Amino acid sequence: MELTQEYTDLVDSVRDFAQQVVAPVSAQHDREKTFPYEVVAQMGQMGLFGLPFPEEYGGMGGDYFALALALEELGKVDQSVAITLEAGVGLGAMPIYRFGTDEQKQRWLPDLLAGRALAGFGLTEPGAGSDAGATATTAREDGDSWVLNGAKQFITNSGTDITSLVTVTAVTGAAGDRKEISTIIVPSDTPGFVAEPAYDKVGWHASDTHPLSFSDARVPRENLLGERGRGYANFLSILDEGRIAIAGLATGVAQGCVDACVQYARERKSFGKPIAEYQSVSFAIARMEARAHVARMAYYDAAAKMLAGKPFKKEASIAKMVSSEAAMDNARMGTQIHGGYGFMNEYLVSRHYRDSKILEIGEGTTEVQLMLIARALGLPA
Ligand SMILES: Cc1cc2nc3c(=O)[nH]c(=O)nc-3n(C[C@H](O)[C@H](O)[C@H](O)COP(=O)(O)OP(=O)(O)OC[C@H]3O[C@@H](n4cnc5c(N)ncnc54)[C@H](O)[C@@H]3O)c2cc1C
């Protein structure tokens, strides 16, 4: 994948923004577990929420690779901010752009693409995670409405002050002996729909995550998103591209740990010399760099195939898996290289250590990626 001047300019401007605007407030938002509204507003003004969308809805006319590149720069310094953008674009706005009617797009996209509003994507339920087809939330037709009952869990961007809607999968009937699953847009102010109190998470403290409940939540019939019965398949296709974006984010984490360690190892002295002069330290950092590089090549390759209109499902799974493992491994080694300071919350590597675990779980666990890769090889999985 060639980095054209356009991509390079984008990377430069997001890197400056990440270092100058995001990094100085990251530790505070993490410590206080506050949502970074001011950062989100500025990302909106920069056009980041509109990156892969056409200009007619207020987008920047870019592509998914541009989004992944931006996420790599943000991921280096702040995973909460990066996942807010990733989920806002890939899970919030993209399903509406991809499957919505013109009316739905006109109504919701301009605010979402400007970062004035956020949308959540509700697939996971208490009894349906990796096995998302086990969805138990129902949507029953009643006159001109859908009436929803059930619960979703772990839903990103679903309860902020600027969340305008969530799209959720729900069982709308039966298709033969299988459930008919459709996708429905639920505006945030719908009576009967509640974003329950936020989770107390191990990491991603400044990212917004809630359980959702639906008790006779009634929305108009025209809030069906995409074809009836295609909800599950549509969501899975959204997740395929989303893996490339997550891989960009995770690559940024892996690289951010390398950058922090190079600097720290030059400055920190032990037994009279910088720890960088001990080969066990410099080799550990070299190995971290290699992991970040391989992760980057994997997501560039998946993005190149996607943009060329070629099959990219297997490559997206590979990129998601190797990059999230690189992030976790580099965060663990980066913390080790920082010694006791690495266990102090104020250090970037320690935040990455807490934040990175979810990268191996969200948007399809490592085991789910292995299942998809094995299936692509024709193996039973
Ligand atoms: C902070 C956060 C944000 C999230 N945001 C969203 C969101 O915005 N929208 C959304 O819909 N979801 C979201 N999720 C949910 C996330 O996608 C799920 O947690 C994830 O898909 C795993 O599902 P689960 O938690 O039910 O685990 P399970 O599916 O119960 O898995 C438990 C373990 O079993 C393994 N496993 C399961 N099935 C198999 C199998 N067949 N073979 C081998 N191993 C298997 C898994 O890999 C895992 O290790 C979020 C989660 C978190 C923590």
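To be clear, the structure that these remarks concern was listed above.
What counts and how
Residues numbered from 1 in each chain as written. Predicted model: local features only at pLDDT ≥ 70, side-chain atom pairs only at ≥ 80, totals over all residues. Heavy atoms only, no water. Patch = residues over 30% accessible without salt bridge, like charges linked within 9 Å, V, L, I, M, F, W, Y side chains within 5 Å. Areas by Shrake-Rupley, 256 points an atom, 1.4 Å probe, with all protein chains shown as cover. Salt bridge = Lys/Arg side-chain N within 4 Å of Asp/Glu carboxyl O. Lys, Arg positive; Asp, Glu negative; His and termini not counted. Charge placed at Lys NZ, Arg CZ, Asp CG, Glu CD. Helix = DSSP H or I, 4+ residues; strand = E, 2+ residues; numbered from the N terminus. Buried < 20%, exposed > 50% of the residue type's maximum accessible area, 1.4 Å probe, protein only. Near = heavy atom within 4 Å. Polar contact = N/O pair within 3.5 Å; in protein donor to acceptor, adjacent residues only side chain to side chain.

Draft legend 1. Fine view of a negative patch on the surface. On the surface, E56, D102, E103, D144 and E222 cluster together into a negatively charged patch. For D102, the position within the fold is in helix α5 (residues 102-113).

Draft legend 2. Summary view of the pattern of salt bridges. This structure, assessed with the given rule, holds 18 salt bridges. A salt bridge links D200 to K33, with the nearest nitrogen and oxygen atoms 3.0 Å apart. Here D200, found in the loop between β6 (193-195) and β7 (209-220), pairs with K33, found in the loop between α1 (5-32) and α2 (37-46); they are 167 residues apart in sequence, far enough to count as distant. Linking R243 and D240 is a salt bridge whose minimum nitrogen-to-oxygen distance equals 3.3 Å. On the criterion of helical spacing, the pair formed by R243 and D240 is a turn pair, its members being three residues apart in helix α6 (residues 231-267). With respect to class, R243 is no different from D240; both count as buried. One continuous salt-bridge network, built from bridges that share partners, spans E141, E180, R221 and R228.

Draft legend 3. Quick peek at the site of the ligand. What surrounds the ligand is a group of 18 residues, the closest being T124, S130, F154, T365 and E367. Within the side chain of T124, an N or O atom sits 2.7 Å from a nitrogen atom of the ligand. Within the side chain of T156, a nitrogen or oxygen atom sits 2.8 Å from a nitrogen atom of the ligand. Relative to its unbound accessible area of 970 Å², the ligand is 63% covered by the protein chains. Where the shell around the ligand is concerned, the elements lending two or more residues are β3 (145-156) and α10 (366-376). Top element by residues in the shell around the ligand is β3. It accounts for three residues.

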